[in-house]
Amino acid sequence: MPERARTSSAHISPSAHYTGYVWYRHRLADPAFVTGFGRFVHKLLWPVTWGARAGFGLDIEALLLQRHLQIDAQLRAAIEQGGVRQVVEIACGLSPRGRRFCTRYPHLQYLEADLPAMAARKRLLLHGEGWLDGRHQVCAVDILAERGNQRLAALFAELDHSQPVVVITEGLVNYFPLALIEGFWSRLAAELRGFSQGIYLTELYPDLHEHPRYRQLRWGVELIGRLTRGSYPLHYRDHAEIVAGFQRCGFDQVQVLDPSADAVSLGLPATRLPGLVRVIQAQV
Ligand SMILES: C[S@@+](CC[C@H](N)C(=O)[O-])C[C@H]1O[C@@H](n2cnc3c(N)ncnc32)[C@H](O)[C@@H]1O
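Just so we're clear, the structure is a prediction, and the values are computed from it rather than from any experiment.

Chemist: Provide a residue-level description of the site of the ligand, including the pertinent values.
Modeler: Ser9, Ser13, Ala91, Asp114 and Asp142 are the nearest of the 22 residues found near the ligand. The separation between a nitrogen atom of the ligand and a polar side-chain atom of Ser9 is 2.7 Å. Within the side chain of Asp114, one N or O atom sits 2.6 Å away from an oxygen atom of the ligand. Expressed as a share of its isolated accessible area of 600 Å², the protein-covered part of the ligand is 99%. Taken together, the residues of the shell around the ligand sort by class into 12 nonpolar, six polar and four charged.

Here is the structure:
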């Protein structure tokens, strides 16, 4: 796609304030990660989230926690069992994961990245708290860029390609049509091939037609689309389509995890409904 015609996705950035506030509410983040806007949107949406829980048994914050904690668990395993020492978190928003993991693993190199305005905000936040240093940095990236200094290749240029790397995206991929996000995944898989080992972790909301709350899920994604002035397409219908999709993009091994099945081991209450979110661990 020519650079000039590139789609802008800056309209998505405000959603990071909401999730940032959710991580704080559940004691995953320091107060420094809270913004007035995040607190305001959380309050504004409270009747909706309360209604979804009381009326349909859909707990939106539990759903967010499932994906966040499952990604944490996969990352911990990659560090502790796989010897990973460098992590790149794309679309980091106001997520506290970089801070939490740098505190827990003093040898870790952690590069957070987001669109320029959000990256600047995150850099200021971390710098203001004295949390940025040589091993914890923030960069600008645009996953849609195929040229220029915000493209993926520029983000990875400074990393040690002789060592394994984990790349994370959270709360990003369902904001884009499948063809666009598969383009990003293909570019990412190609970049990861340049490392001794490359692991990609992301969450994904599939189009689960058979789910007992499918109708409410469609309302929910419609609402997210309206609030972020875009759309929120669901990708792939089942496990087999997810695996095939990631393989088409160049990933050799694809693991599809349902965090609701692991809820108790993630420290979350067991759920009665089948899971709505999947965490994908894809490797080249
Ligand atoms: C819902 S927030 C998720 C933030 C964080 N990962 C979390 O889970 O709390 C979506 C994030 O994607 C970022 N984003 C949107 N378009 C992007 C793009 N083209 N390239 C990189 N990041 C992007 C936004 O700026 C925002 O921080």
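Chemist: Outline the packing of aromatic side chains, supporting the account with residue identities and numerical values.
Modeler: One pass over the full model with this rule turns up 12 aromatic pairs. Consider the rings of Phe156 and Phe195, whose centres lie 5.9 Å apart with planes at 80°: the pair is edge-to-face. Placement of the pair is Phe156 in helix H6 (residues 152–156) and Phe195 in the loop between helix H7 (178–192) and strand S5 (198–204), with a sequence separation of 39 residues. Overall, Phe156 belongs to the buried group, its relative accessible area being 0%. Taking relative accessible area as the criterion, Phe195 reaches 7% and is therefore assigned buried. Among the aromatic residues, those joined into a ring-pair cluster are Trp185, Tyr200, Tyr236, Phe246 and Phe251.

Chemist: Report on the nonpolar core, specifying residues and quantitative values.
Modeler: Grouped burial of nonpolar side chains is what soluble globular proteins tend to show. By size, the foremost hydrophobic cluster in this structure holds 72 residues, and its most contacted members are Ile90, Trp185, Tyr200, Phe246 and Phe251. Per-element tally for this core: the top contributor is H7, with six residues. For Phe251, the residues in contact, after removing those within four places along its chain, are Trp185, Leu188, Ala189, Leu192, Tyr200, Phe246, Ala282, Gln283 and Val284. Counting 17 residues, the second-largest nonpolar core is a separate cluster that includes Leu75, Val84, Cys102 and Val279.

Chemist: Account for the packing of helix H1 (residues 15–25) against helix H2 (residues 36–56), naming residues and giving values.
Modeler: Packing of H1 against H2 leaves a shortest axis separation of 8 Å and a crossing angle of 85°. By the criterion of interaxial angle, the relationship of H1 to H2 is roughly perpendicular. Residues His17, Tyr18, Tyr21, Val22 and Arg25 of H1 lie in contact with H2, whose contacting residues are Phe37, Gly38, Arg39, Val41, His42, Leu45, Trp46 and Thr49. Class assignment for the residues of the contact of H1 with H2 results in seven nonpolar, four polar and two charged.

Chemist: Can you break down the pattern of salt bridges residue by residue, with the values?
Modeler: Under the definition given, this model contains 15 salt bridges. Residue Glu203 pairs with Arg67 through a salt bridge whose shortest N-O separation is 3.4 Å. Of this pair, Glu203 sits in strand S5 while Arg67 sits in helix H3 (residues 60–80), and the two are 136 residues apart along the sequence. Across this residue pair, the class does not change: Glu203 and Arg67 are buried. Residue Arg226 pairs with Glu222 through a salt bridge whose shortest N-O separation is 3.3 Å. Residue Arg226 and its partner Glu222 are located together in helix H8 (residues 214–227), separated by four residues, close to a single helical turn. Note on Arg226: relative accessible area 61%, which makes it exposed. When its relative accessible area of 46% is taken as the criterion, Glu222 is described as partly exposed. Residues joined in a network through salt bridges with shared partners are Arg67, Asp72, Glu89, Arg97, Arg100, Glu170 and Glu203.

Chemist: I'd love a proper account of H3, names of residues and values included.
Modeler: Between its first and last C-alpha, H3 extends 30 Å over 21 residues, near the 30 Å set by a 1.5 Å rise per residue. Burial analysis of H3 places 16 of its 21 residues in the buried class, which makes it a mostly covered element. If you check the start of H3, you find a side-chain oxygen 3.2 Å away from the backbone N of Glu61, and it comes from Asp59.

Conventions used here
Residues numbered from 1 in each chain as written. Predicted model: local features only at pLDDT ≥ 70, side-chain atom pairs only at ≥ 80, totals over all residues. Heavy atoms only, no water. Near = heavy atom within 4 Å. Polar contact = N/O pair within 3.5 Å; in protein donor to acceptor, adjacent residues only side chain to side chain. Areas by Shrake-Rupley, 256 points an atom, 1.4 Å probe, with all protein chains shown as cover. Nonpolar A, V, L, I, M, F, W, Y, C, P; charged D, E, K, R; others polar. Phe/Tyr/Trp six-rings, centres within 6.5 Å; stacked < 30°, edge-to-face > 60°. Helix = DSSP H or I, 4+ residues; strand = E, 2+ residues; numbered from the N terminus. Buried < 20%, exposed > 50% of the residue type's maximum accessible area, 1.4 Å probe, protein only. Core = buried A, V, L, I, M, F, W, Y, C linked by side-chain atoms within 4.5 Å. Contact = heavy atoms within 4.5 Å. Axes fitted to C-alpha atoms, helices over the stretch in contact; angles between N-to-C directions. Parallel < 35°, antiparallel > 145°, perpendicular 65-115°, else oblique. Salt bridge = Lys/Arg side-chain N within 4 Å of Asp/Glu carboxyl O. Expected span 1.5 Å × (residues − 1).

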